[in-house]
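Inside the fold
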Amino acid sequence: MSKLVAFAAIQGAYNIVQKSEGAYKRALQKYGPEQKLEFPNTAYYLPLIYSLLGIPVKTLADAKRPLEVCRSLLPPHVKIQNHLPYLGPLLDAGMAAILAEEIIEAIRYVEDPDFYLVSEDVDLEKGKIWLGAAEDTVFRKRGVQFVDGSAPGFVAIVGAAPNPEIAKMIALEYQKRSIYTFMCANQSGTTFSEQLIEAGVEIGWNTRLVPFGPDISAAVFALGFANRAAMAFGGVKPGDYQKMLLYNKDRIFAFVNALGEVNAEWAANAAGCVNWGFPTLADTDIPPILPTGVCTYEHVVPNIGYDEMVQRSVEVRGLKTTVATVDIPLAYGPAFEGERIRKGDYHVEMGGGSKTTTVEWVTSLPMDKVEDGRVDVIGPGLDSVKPGGSLPLGIKVEVAGRKFQEDFEPILERQIHHLLNYAQGLMHTGQRDIGMLRVSNEAVTKGFKLEHIGVILHAKLHQDFGAVFDKLQVKIYTDAKEADKARDQAREVYKHRDARVENMTDETTDIYYSCTLCQSFAPNHVCVVSPERTGLCGAYNWMDCKASYEINPTGPNQPIEKGEVLDAKLGVYKGANEFIEKASRQAVPNVCFYSLVNDPMTTCGCCECIAAVLPTCNGIMTVHRDYTGETPSGMKFSTLAGTMGGGAQSPGFVGHSKYNIVQRKYLIGDGGLLRMVWMPKSLKEEFKEKIEARGAELGVPDLYDRIADETIGLTEEEILPFLTEKKHPALEMDGILG
């Protein structure tokens, strides 16, 4: 290993630690030791320090000890003569730099609370583009993508490209591979983020191009994201630094691209990233660090050309990615799914604010009625509309196949949303008959036509579900009468489907389904989906899992014979327990499907909601991940998720989907929906009609009005008088804790 590398990295680490100590002393004098120190709306305190050292930094006073650790990690300076540099001191120096930078960034939040924008999107009008630490609502939503594989990894880009066009080219290549791009650090007066804006590229979490901050210290937000994922989804305990770093090396596929001159502080950060197993690839002639050591392959690789930067990076990290090829004139991939197309930027809007008809419908036909690959546009095309205009849109996908079943229709239909969103320049929202599609002016300029909707659906549905059908054709209706006709036909089908699922019960079904999709991050977690208990992430119901198994018999959704009923009230089944114990590697021997008090189901951290016992109120509360406020349990959603994630059973708490709240078996072993005493107002309003209907079924037609929310109180003591006044049924039930 080069003496130059060691010299630069160790010197850079000394600079960063000294800078952090100076910032700390000034802040201590100005604000006092009790000043709160945090990344707002996040769990795990300062996540790098907490995860690696086990030290919860809550105040400025708490930051003293981590800074002492940083100073102790600094190795001796490199000597000009008789120095034998090796990897160990370099790694220590890098770790010292990273931990010290986390304190620098935390102090920035105190000194300049408006510096970072609390949002998923940048605000160009106000000149606010730096997003800082991901709030837990963002982290949970995006972290799931690393769990299910839709985001194979992330690149941390430090510095700037030679010009905006090269920056755009690199970013687009990462987007095509679905890789997140985390950006920080200034180079020659600009940043990679600002170059993308100059090139007209939309940045923000929704496009997977995330501008963390303008300084090298913002790299801690990328590493913090990785460590938060390990704690939230992988169950790695704070302070277990060896397991934490190995988890990141083996499961979080990340790497660094250093663009521009690498100074001493950048070198220190690169050395720090090696601790995580994250290699650095640079466009400059810096000394390399080759195998063997910590990273899977090389540690630092210099002189990479811009046209090979992306491919070489994924190779060095040992990451396998694929680029979707769809024959349309637009870039295509999951990274474009979050693209926003605003008024003035779209050529046409179909549905949505334009109030035109939209409908999406997948139906099966006999083999001789389908011509594979055929796309018909019935009505006017995009060239008939002036920019900013509107059209109706009916999408009817007709499939045929010997293995195709009626149950598969809604599964394919649900794919339309994201498959269209994957095209750069298309923005799709909603499903069924309440959708909206916008096509950007740029997409039309590039040659996009309505026929390409059919091309996308034909190619991708064949690619993903071709095992269960043989032929597929698409009809696009833009004629108002034809679109209305298709919508009315589809609505009858929707009613039939919904009735089938609603009428199913856990008692009348002998087969449940597993979902082990999240075991890549939470090895002990096993989700079991039954007709009356949807998957806790909200993405899978029983019918989805059944179809998934038929399509992919070796996939994550396996049939489970529930077997002998051991406890009907709590939902304990011999066959299900045997499956769960085996699939959880003997970690979870018993699960009660309908209880949070007794052996509740595990969660990986992907759950839409978390329910908790409120003993003083003799009831339960639930909170969804979009709510960032306090709850009567004394914990925010982020804290709850951090406490019970990672595949562990947590009696008194359970993760569940939003829809599960109004299913008939929801925590029925503990009293069911009648135990619900508190919910966030937004969640309560979202399910108002269904809560009222379930309340009426249970003999309490005004249950909705008896459930407290944050406008009533945020502690058990604050909401108890309200519950007493409303005569909430939970107060008359047996003690929830027995």
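That block above? That's the structure.
Here the structure is a predicted model, which means the values were calculated and not measured.

**Observations regarding the nonpolar core**
Formed by 132 residues in total, the largest nonpolar core has its most connected members in Phe154, Phe192 and Trp205. In terms of residue count, helix H4 (residues 87-111) provides more of this core than any other element does, 16 residues in total. Not counting residues within four places of it along the chain, the set of residues in contact with phenylalanine 192 comprises Ile157, Gly159, Ala160, Ala161, Ala167, Ile170, Ala171, Met183 and Leu259. In this structure, Leu536, Ile560, Ala583 and Met635 belong to the second largest nonpolar core, which totals 42 residues.

**Here we look at the pattern of salt bridges**
By the definition in use, this model includes 32 salt bridges. One salt bridge connects arginine 438 with glutamate 349, and the closest N-O pair in it is separated by 2.8 Å. Highlighted residues: arginine 438 in strand E13 (residues 436-440) and glutamate 349 in strand E7 (residues 346-351), separated in sequence by 89 residues. Assigned by exposure class, arginine 438 and glutamate 349 land together as buried.

**Here's the deal with the packing of helix H8 (residues 219-234) against helix H9 (residues 241-251)**
Their axes nearest at 10 Å, the elements H8 and H9 cross at an angle of 100°. Taken together, the axis directions place H8 and H9 in an arrangement best described as roughly perpendicular. Here Ala226, Asn227, Ala229, Ala230, Met231, Phe233 and Gly234 of H8 come into contact with H9, specifically with Met244, Tyr247 and Asn248. When the residues that make up the contact of H8 with H9 are grouped by side-chain class, the tally is seven nonpolar, three polar and no charged.

**Thoughts on the sheet that holds E13**
Consider a sheet: its strands pair through backbone hydrogen bonds, and that pairing is either parallel or antiparallel. Pairing is mixed across the open sheet formed by four strands, whose spatial order is E10-E7-E13-E12. Single-partner strands in this sheet number two, and they are strand E10 (389-390) and strand E12 (426-429). Bridge analysis of E12 against E13 gives four bridges, and the strand direction is antiparallel. Looking at E13, one finds that histidine 428 is bridged to leucine 437.

**As for the sheet that holds strand E3 (residues 209-213)**
Sheet architecture is open: six strands sit in the order E3-E2-E1-E4-E5-E6, paired in parallel fashion. The sheet terminates laterally at E3 and strand E6 (300-301), the two strands that pair on one side only. The pairing of strand E1 (residues 154-159) with strand E4 (residues 254-259) spans six bridges and is parallel. Within the sheet, the bridge partner assigned to valine 155 lies in E4 and is phenylalanine 255.

Parameters and conventions
Residues numbered from 1 in each chain as written. Predicted model: local features only at pLDDT ≥ 70, side-chain atom pairs only at ≥ 80, totals over all residues. Heavy atoms only, no water. Core = buried A, V, L, I, M, F, W, Y, C linked by side-chain atoms within 4.5 Å. Buried < 20%, exposed > 50% of the residue type's maximum accessible area, 1.4 Å probe, protein only. Helix = DSSP H or I, 4+ residues; strand = E, 2+ residues; numbered from the N terminus. Contact = heavy atoms within 4.5 Å. Salt bridge = Lys/Arg side-chain N within 4 Å of Asp/Glu carboxyl O. Axes fitted to C-alpha atoms, helices over the stretch in contact; angles between N-to-C directions. Parallel < 35°, antiparallel > 145°, perpendicular 65-115°, else oblique. Nonpolar A, V, L, I, M, F, W, Y, C, P; charged D, E, K, R; others polar. Pairing = 2+ DSSP bridges.

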